[in-house]
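# Architecture at a glance
Residues per chain, in single letters:
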Amino acid sequence: MGFPPGRPLPAAARRANMAAEIHSRPQSSRPVLLSKIEGHQDAVTAALLIPKEDGVITASEDRTIRVWLKRDSGQYWPSIYHTMASPCSAMAYHHDSRRIFVGQDNGAVMEFHVSEDFNKMNFIKTYPAHQNRVSAIIFSVAAEWVISTGHDKCVSWMCTRSGNMLGRHFFTSWASCLQYDYDTQYAFVGDYSGQITLLKLEQNSCSVITTLKGHEGSIACLWWDPIQRLLFSGASDNSIIMWDIGGRKGRTLLLQGHHDRVQSLCYLQLTRQLVSCSSDGGIAVWNMDVSREEAPQWLESDSCQKCEQPFFWNIKQMWDTKTLGLRQHHCRKCGQAVCGKCSSKRSSYPVMGFEFQVRVCDSCYDSIKDEDRTSLATFHEGKHNITHMSMDVARGLMVTCGTDRIVKIWDMTPVVGCSLATGFSPC
């Protein structure tokens, strides 16, 4: 039986429509929203899917750690609700040992052990890791270290057996994100100056291997793939850079498609895809299984490298030619310094990472074919402010959380592949 047009649906029908919207699995290639979890009283800073379980662990600025389990009704309800002394700012979970490490706004990292049925959480110890907000945590079970970064401008590593501080390294600005190579004990630390530092951690010391500079804004997230030895970084300049660490040739690839700060990254090694989320709710899936080109370094010149008209600071040539100086621009494809007249056109160029239209010189515009403009990424709307994302690659699930206090669980298999667990090619 249908309802007459123009009349509002009864409450039961509205709820049924909402359930259908969340749980339906359309054939279109976009993320499918499976569940929405609400209940936190402040921004959710971290959300992690529990492997092989229908469960999620969340940490929030409302000072709570919660473990949500899916009930027979299909809804997620908190089986653990623990209140901390300070807002929760970061979290790490090791499933085999069921250990949770929670970073707080006061600089402390607290360790808990979760029961096998995920209904109880026991406090283990507190690590005095930082003097200010903890921004990222990684637990190495082999080294028995808990490694963390903080707004006290340092990375610290502490012994999980004794709880003692093993070492610290300080930076010139807030340390914002962290990745770690478990085999080599290399740590990658991004900071608010836009720099990434590669450190070799030892038991009681560390050494700086190199620094990576390429972003024009603070580093918000990092992802390290130890198989291909690729480092991905996202920043407040709305861009992503892929650093080919294993290639040892300094190769970098620029990816531009987000319109806001890039908050989270996850590289899917089996399907060679990069998933990224931005603070405006944008979800992007980048095809990295194609031959991409490096964006050129911008060239500097005192005059347009196309028409040779002087730029406005080139007083001598302006005087000699009795012409007004022009403003300098740069072609994103060739990197040449050009004037506005010689770079009046715009084009996307996905093979170089430019998914939206950017300035190119007239000759480069003419050289770009229609097939060169074919997108190498797909873009989707998360419809909430995303501050953190994590994936269960084996099941093709993704969880996002943000300042709107909502946690969303997504089925990503329509976007990233038929079966990530078996390594089939993307659909």
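The rules behind these values
- Residues numbered from 1 in each chain as written.
- Predicted model: local features only at pLDDT ≥ 70, side-chain atom pairs only at ≥ 80, totals over all residues.
- Heavy atoms only, no water.
- UniProt positions renumbered as here; feature names shortened; annotations may be inferred.
- Salt bridge = Lys/Arg side-chain N within 4 Å of Asp/Glu carboxyl O.
- Buried < 20%, exposed > 50% of the residue type's maximum accessible area, 1.4 Å probe, protein only.
- Helix = DSSP H or I, 4+ residues; strand = E, 2+ residues; numbered from the N terminus.
- Pairing = 2+ DSSP bridges.
- Axes fitted to C-alpha atoms, helices over the stretch in contact; angles between N-to-C directions.

Under an unreviewed UniProt entry, the name given to the protein chain is WD repeat and FYVE domain-containing protein 1, and the organism recorded is Panthera pardus. UniProt, in its Function (unreviewed entry) section for the protein chain, records the words "Positively regulates TLR3- and TLR4-mediated signaling pathways by bridging the interaction between TLR3 or TLR4 and TICAM1. Promotes TLR3/4 ligand-induced activation of transcription factors IRF3 and NF-kappa-B, as well as the production of IFN-beta and inflammatory cytokines." If you open the UniProt record of the protein chain and go to Subcellular location (unreviewed entry), you find "Early endosome".

Our next topic: the pattern of salt bridges. For the structure shown, the criterion picks out eight salt bridges. Among the salt bridges present, the one from D62 reaches R66, with a minimum N-O distance of 3.1 Å. Considered together, D62 and R66 belong to a single accessibility category, that of buried residues. The partner of E144 in a salt bridge is R161, with the nearest N and O atoms 2.4 Å apart. With E144 in the loop between β10 (134–140) and β11 (145–150) and R161 in the loop between β12 (154–159) and β13 (165–170), this pair connects stretches of sequence that are 17 residues apart.

In the numbering used here, UniProt assigns the "repeat: WD" (unreviewed entry) feature to residues 37–68, 212–245 and 255–296. Across residues 255–296 one finds 0% helix and 50% strand; the C-alpha atoms that close the span lie 13 Å apart.

Strand pairs in the sheet, formed through backbone hydrogen bonds, run parallel or antiparallel to each other. Taken together, the four strands give an open sheet; going across it, the order is β1-β32-β31-β30, and neighbouring strands pair in antiparallel fashion. Two strands lie at the open edges of the sheet, namely β1 (32–37) and β30 (386–392), each paired on one side alone. Within this sheet the neighbouring strands show an average axis-to-axis angle of 20°, counted without direction. Sheet analysis places strand β31 (residues 397–402) next to strand β32 (residues 407–411), joined by five bridges and oriented antiparallel. Residue L397 lies in a different strand from β32, and its bridge partner there is D411.

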